[in-house]
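Chain by chain, the residues run as shown.
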Amino acid sequence: MNKVKELFTGKAKTIYSTDDQDKLIMLFRNDTSAFDGEKIEQFDRKGMINNHFTAFIMDKLAAAGVPTHHEKIINDQESLVKCLDMLPIECVVRNIATGSLVKRLGVEDGLELNPATFEFFLKNDELHDPMINDYHIISFNWATQDEIEKMKALTFEVNTILKQLFLDAGMLLVDYKLEFGRFKGELYLGDEFTPDGCRLWDIDTRKKLDKDRFRQGLGGVVEAYEEVAHRLGVELG
Ligand code: ATP
Ligand code: TYD
């Protein structure tokens, strides 16, 4: 599969068209950003780790029946994926209260949420990804009611699968963000699942093993991502 044209360069990945109009090549760069792109840094090996990491997770989800865009790894930093018509929506599930939720609602950091809670955000950096609800999605035609229901159901299904996967490896899945897109009339999980878009804490020490290490300047960013990959048994390049 050959790259034809660079279609989009985001904050952490670059998307290329291929000679198959149904497939894209996704390049995971070493760039790491936070606070809507205000803080940016490069970390050696991060692109490679995230590419292998997301392939591993997508394969686990696909095996459990979740439709995903992932086709195959091409090389250490690139994967072949289905070309989705992405919905401009981010789906967030939270098992433990932390981050923006704590600031917004004034709740205790680290509070366990049972049941887990769910939020939609509009994917728009200029507006700082504002929180939206089902009615906004319908009124502004960002997705259909059926797609809303599917996004919620799939995002919670992912929670059941991944909470256990991380727990078995000694980690708490605190929260995460998913993005979905349309392909031939069906909804698929797109984008990525990596420590860039979720929070993971060590179950005993509550040490942060995700992008909060970068956001909060804690150091050891790539080392933490590598540790998570190692604990899960992800093969790295
Ligand atoms: P953010 O971090 O807020 O997602 P970004 O848009 O800068 O911002 P990147 O990860 O750098 O993020 O870029 C990847 C882009 O590719 C995203 O806009 C994402 O929605 C899009 N994308 C992901 N998977 C697919 C897919 N299968 N088909 C088409 N576009 C996709
Ligand atoms: P949230 O607490 O809203 O983010 P922050 O505290 O960083 O403002 O995010 C919840 C989880 O979803 C967290 O693991 C990060 C992830 N997420 C993204 O990766 N991108 C996003 O645009 C959003 C809204 C969340």
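Criteria and cut-off values
Residues numbered from 1 in each chain as written. Chains lettered and ligands numbered in written order. Predicted model: local features only at pLDDT ≥ 70, side-chain atom pairs only at ≥ 80, totals over all residues. Heavy atoms only, no water. Axes fitted to C-alpha atoms, helices over the stretch in contact; angles between N-to-C directions. Helix = DSSP H or I, 4+ residues; strand = E, 2+ residues; numbered from the N terminus. Parallel < 35°, antiparallel > 145°, perpendicular 65-115°, else oblique. Left-handed = near helix turned anticlockwise from the far one by under 90°. Contact = heavy atoms within 4.5 Å. Nonpolar A, V, L, I, M, F, W, Y, C, P; charged D, E, K, R; others polar. Phe/Tyr/Trp six-rings, centres within 6.5 Å; stacked < 30°, edge-to-face > 60°. Buried < 20%, exposed > 50% of the residue type's maximum accessible area, 1.4 Å probe, protein only. Near = heavy atom within 4 Å. Polar contact = N/O pair within 3.5 Å; in protein donor to acceptor, adjacent residues only side chain to side chain. Areas by Shrake-Rupley, 256 points an atom, 1.4 Å probe, with all protein chains shown as cover. Pairing = 2+ DSSP bridges.

Peer 1: So what's going on with the packing of helix H1 (residues 46-63) against helix H4 (residues 145-168)? Which residues, and what values?
Peer 2: Contact geometry for H1 and H4: axes closest at 10 Å, N-to-C directions at 120°. Put simply, H1 runs oblique to H4. By crossing handedness, the relation of H1 to H4 is classed as right-handed. From H1, Phe 53, Phe 56, Ile 57, Lys 60 and Leu 61 reach across to H4, where they touch Val 158, Ile 161, Leu 162, Leu 165 and Phe 166. Looking at the contact of H1 with H4, its residues break down into nine nonpolar, no polar and one charged.

Peer 1: How would you sum up the packing of aromatic side chains? Please name residues and give values.
Peer 2: Following the criterion strictly, the structure yields seven aromatic pairs and no others. Plain terms: the ring middles of Phe 43 and Phe 214 are 5.8 Å apart, the flat faces sit at 90° to each other, and that makes the pair edge-to-face. Of this pair, Phe 43 sits in the loop between strand S5 (39-42) and H1 while Phe 214 sits in helix H5 (residues 212-215), placing them 171 residues apart in sequence. There is no split in this pair, since Phe 43 and Phe 214 are both buried. Between the aromatic rings of Phe 118 and Phe 156, the centroid separation amounts to 5.8 Å while the plane-to-plane angle is 40°, which identifies the pairing as tilted.

Peer 1: Can you lay out the site of ligand 1 for me, pointing to particular residues and giving the numbers?
Peer 2: Around ligand 1, a shell composed of 19 residues is seen, among which Lys 11, Ala 12, Lys 13, Lys 123 and Glu 179 lie nearest. Between ligand 1 and Lys 11, the relevant distance is 2.7 Å, taken from an oxygen atom to a main-chain nitrogen or oxygen of the residue. At a separation of 2.8 Å, an oxygen atom of ligand 1 approaches a polar side-chain atom of Glu 179. Here ligand 1 has 620 Å² of accessible area as a free molecule, and 85% of this is covered by the chains. When its residues are assigned to classes, the shell around ligand 1 shows nine nonpolar, two polar and eight charged.

Peer 1: Summarise the sheet that holds strand S8 (residues 85-86); cite the residues concerned and give the values.
Peer 2: Taken in spatial order, the three strands line up as S8-S13-S14 in an open sheet, and their pairing is antiparallel. Edge positions in the sheet fall to S8 and strand S14 (186-189), since each has one partner strand and no second. As paired elements, S8 and strand S13 (residues 180-183) share two bridges and run antiparallel to each other. Residue Met 86 lies in a different strand from S13, and its bridge partner there is Gly 181. Against the sheet, H4 contacts S13 and S14, and its axis sits at roughly 125° relative to S13.

Peer 1: I'd like a description of the sheet that holds strand S12 (residues 171-178), backed by residues and values.
Peer 2: Taken together, five strands build an open sheet; the order of strands is S11-S10-S9-S12-S15 and the sheet is antiparallel. In this open sheet, the two strands that pair with only one neighbour each are strand S11 (131-132) and strand S15 (198-202). Note: strand S9 (residues 89-96) against strand S10 (residues 112-122), seven bridges, orientation antiparallel. Bridge pairing in S10 places Arg 94 opposite Thr 117. Sheet strands touched by H4: S9, S10, S12 and S15. Its angle to S12, the strand with the most contacts, is close to 155°.

Remember, this is a structural readout, not a statement about activity or role.
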